[in-house]
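Here are the chains, one letter per residue:
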Amino acid sequence: MGRYVFGTSVQGSSHIRVGRPCQDNSTFRDRNFTYPKKKSKTNELYAGLDEDILIMSVADGHGSESCPFSQTGSAIAINVFCDLMAEFCLKYKDIMESLRTYFNREADTRIAKAIDSEWKKRVLNQHKLKMAKANQSLVFESEKDKEAIYKMYGTTLLGVVITKEFSFVFQLGDGDISYVDETGVKPVLETEKILGVETHSLSKKDAWKNALTRVINRETEEQVPFMYMLTTDGMANSYISEGEFHKSCQEYFDMIREHGGKVVEENLPGWLSETSAMGCGDDISAVIAYYDET
């Protein structure tokens, strides 16, 4: 089975007008991924993955005045998801059926807790470095002090792990994980819609409790050709209805089938920027994995 994977994050039109940088981050990783300037041990983690394993993630930093470092928070989030998922895949490399069982039983508890805990740990380390560079001391006098720091880095997180046997999906906060094939578009998770601009966030206490997860059996639930599309909420919010958003996802699928992944990849930044400009004006991230029989 062949696959074509690509993605990008674009600065929203409203952010361009006010000079606010893109708060989104996105990535996809397999055995060929390497962290630039990272220790070899971290890169060896990805190099050890089986060739069929793909990990994808997008995150949307909140970008409000109370979250001045959310761009960094979203970058930390996608790194945490991918690193932890790679660790799990490597640990169960020779017994992937056991990993599927583990995800089914523990995804919304132990795994969600691990992601929540690791994100907060890395945020605190990052903030210590930031304060040190500014010659400012940083003292954690109480849990409230830590919570105030987490808030400054607030972000959502979406991720997908695709193995030969199954796919695992994770979501905390808004955004969309869509599965597309010849029969149409299906939301992978039924997410909770929060009124207004609020969303679940990794920055909140016990954030893991709001995580949604699912394990999908590939041999029974995925029919080639198919596509997974991860998008931050700036994408769906730029359309007048869920139906119009799904229509757009289907069009991406159809364009890849007709013209190939490279053509769509090359045009994706421009198309997402146009979607933002004609829609809600927010940053947009999209990561697409297209599978066919080649």
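Residues numbered from 1 in each chain as written. Predicted model: local features only at pLDDT ≥ 70, side-chain atom pairs only at ≥ 80, totals over all residues. Heavy atoms only, no water.

## So, helix H8 (residues 242–259)
Helix length check: H8 (18 residues) gives 26 Å between terminal C-alpha atoms against 26 Å at 1.5 Å per residue, within 8%. Of the residues making up H8, those classed as buried are Phe-245, His-246, Ser-248, Cys-249, Gln-250, Tyr-252, Phe-253 and Ile-256. In the stretch just after H8, Gly-260 is the one whose phi turns positive, near 95 degrees. (Helix = DSSP H or I, 4+ residues; strand = E, 2+ residues; numbered from the N terminus. Expected span 1.5 Å × (residues − 1). Buried < 20%, exposed > 50% of the residue type's maximum accessible area, 1.4 Å probe, protein only.)

## What about the side chain of Ser-13?
Mapped onto the secondary structure, Ser-13 falls in helix H1 (residues 13–18). Take Ser-13: its relative accessible area is 14%, and that puts it in the buried class. Excluding residues within four positions of it along the chain, Ser-13 makes contact with Ser-276, Ala-277 and Gly-281. (Contact = heavy atoms within 4.5 Å.)

## Notes on the sheet that holds strand E2 (residues 24–29)
Spatially, five strands are ordered E2-E3-E4-E5-E8 in an open sheet, and the strand pairing comes out antiparallel. Only two strands of the sheet have a single neighbouring strand rather than two, namely E2 and strand E8 (212–217). Here the average twist between neighbouring strands, direction ignored, is 5 degrees. Helix H3 (residues 70–91) contacts E2, strand E3 (54–60), strand E4 (157–162) and strand E5 (166–172) of the sheet and is inclined by roughly 160 degrees relative to E3. Against the sheet, helix H4 (residues 96–133) engages E4, E5 and E8, with an angle of about 10 degrees to E5. (Pairing = 2+ DSSP bridges. Axes fitted to C-alpha atoms, helices over the stretch in contact; angles between N-to-C directions.)

## Examining unusual backbone geometry
The linkage connecting Val-224 with the following residue, Pro-225, adopts the cis geometry, with an omega of -5 degrees. Note on placement: Pro-225 falls in the loop between helix H6 (218–221) and strand E9 (226–231).

## Overview of helix H9 (residues 261–278)
When the terminal C-alpha atoms of H9 are compared, their 24 Å separation across 18 residues agrees well with the 26 Å that a helix rising 1.5 Å per residue should span. A bend of about 50 degrees at Leu-268 is the largest found in H9, and the proline Pro-269 appears one to four places after it. Within H9, burial applies to Gly-261, Val-264, Leu-268, Leu-272, Thr-275 and Ser-276. Buried residues in H9 make contact with strand E1 (2–10), H1, helix H7 (233–236), H8 and strand E10 (284–292). (Bend = angle between axes of the 7 residues up to and from the residue.)

## Overview of a negative patch on the surface
On the surface, Glu-244, Glu-251, Asp-254 and Glu-258 cluster together into a patch of negative charge. Looking at the element boundaries, Glu-244 is found in helix H8. (Patch = residues over 30% accessible without salt bridge, like charges linked within 9 Å, V, L, I, M, F, W, Y side chains within 5 Å. Areas by Shrake-Rupley, 256 points an atom, 1.4 Å probe, with all protein chains shown as cover. Salt bridge = Lys/Arg side-chain N within 4 Å of Asp/Glu carboxyl O. Lys, Arg positive; Asp, Glu negative; His and termini not counted. Charge placed at Lys NZ, Arg CZ, Asp CG, Glu CD.)

## Description of the packing of aromatic side chains
Taken as a whole, this structure holds 19 aromatic pairs when the rule is applied. Considering the side-chain rings of Phe-69 and Tyr-153, the 5.3 Å spacing of their centres and the 45 degrees angle between planes classify their relative orientation as tilted. Taken as a pair, Phe-69 in the loop between E3 and H3 and Tyr-153 in the loop between helix H5 (143–152) and E4 lie far apart in primary sequence, 84 residues in all. For Phe-69, a relative accessible area of 23% corresponds to the partly exposed category. Taken together, Phe-88, Tyr-92, Tyr-102, Phe-103, Phe-166 and Phe-168 form an aromatic cluster joined through their ring pairs. The residue whose ring lies beneath Lys-113 is Trp-208, and the NZ or CZ to ring-centre distance is 4.7 Å. Its guanidinium or amino end placed over the ring of Tyr-291, Arg-218 lies 5.1 Å from that ring's centre, counting from NZ or CZ. (Phe/Tyr/Trp six-rings, centres within 6.5 Å; stacked < 30°, edge-to-face > 60°. Lys NZ or Arg CZ within 6 Å of the ring centre and 35° of its normal.)

## Overview of the pattern of salt bridges
Should the charged atoms of two oppositely charged side chains come close, the side chains can pair. If you walk through the whole model with that rule in mind, you get 11 salt bridges. Ionic pairing is found between Asp-30 and Arg-3, a salt bridge with its closest N-O pair at 3.2 Å. Pair noted here: Asp-30 is in the loop between E2 and helix H2 (40–47) and Arg-3 is in strand E1, with a separation of 27 residues, a long-range link. Judged by its relative accessible area of 17%, Asp-30 is buried. Between Glu-118 and Arg-122 there is a salt bridge; the shortest N-O distance is 2.8 Å. Here Arg-122 and Glu-118 lie together in helix H4, a separation of four residues that amounts to about one turn.

## A short note on the side chain of Thr-156
Checked against the element boundaries, Thr-156 lands in the loop between H5 and E4. Taking the relative accessible area as the measure of exposure, Thr-156 reaches 1% and is therefore buried. In this structure the side chain of Thr-156 is engaged in a polar contact, spanning 3.1 Å, whose partner is the backbone nitrogen of Asp-60. Excluding anything up to four places from it in sequence, Thr-156 contacts Ala-59, Asp-60, His-62, Ala-77, Leu-172, Gly-173, Asp-174, Thr-199 and His-200. (Polar contact = N/O pair within 3.5 Å; in protein donor to acceptor, adjacent residues only side chain to side chain.)

## Here we look at the packing of H4 against H5
Two elements in contact, H4 and H5, have axes separated by 10 Å at closest approach and are oriented at 90 degrees. Taken as axis vectors, H4 and H5 run roughly perpendicular relative to one another. Facing H4, whose interface residues are Trp-119, Lys-120, Val-123, Leu-124 and His-127, H5 presents Lys-146, Ile-149, Tyr-150 and Met-152. Along the lines of polarity and charge, the residues of the contact of H4 with H5 split into six nonpolar, one polar and two charged. (Parallel < 35°, antiparallel > 145°, perpendicular 65-115°, else oblique. Nonpolar A, V, L, I, M, F, W, Y, C, P; charged D, E, K, R; others polar.)

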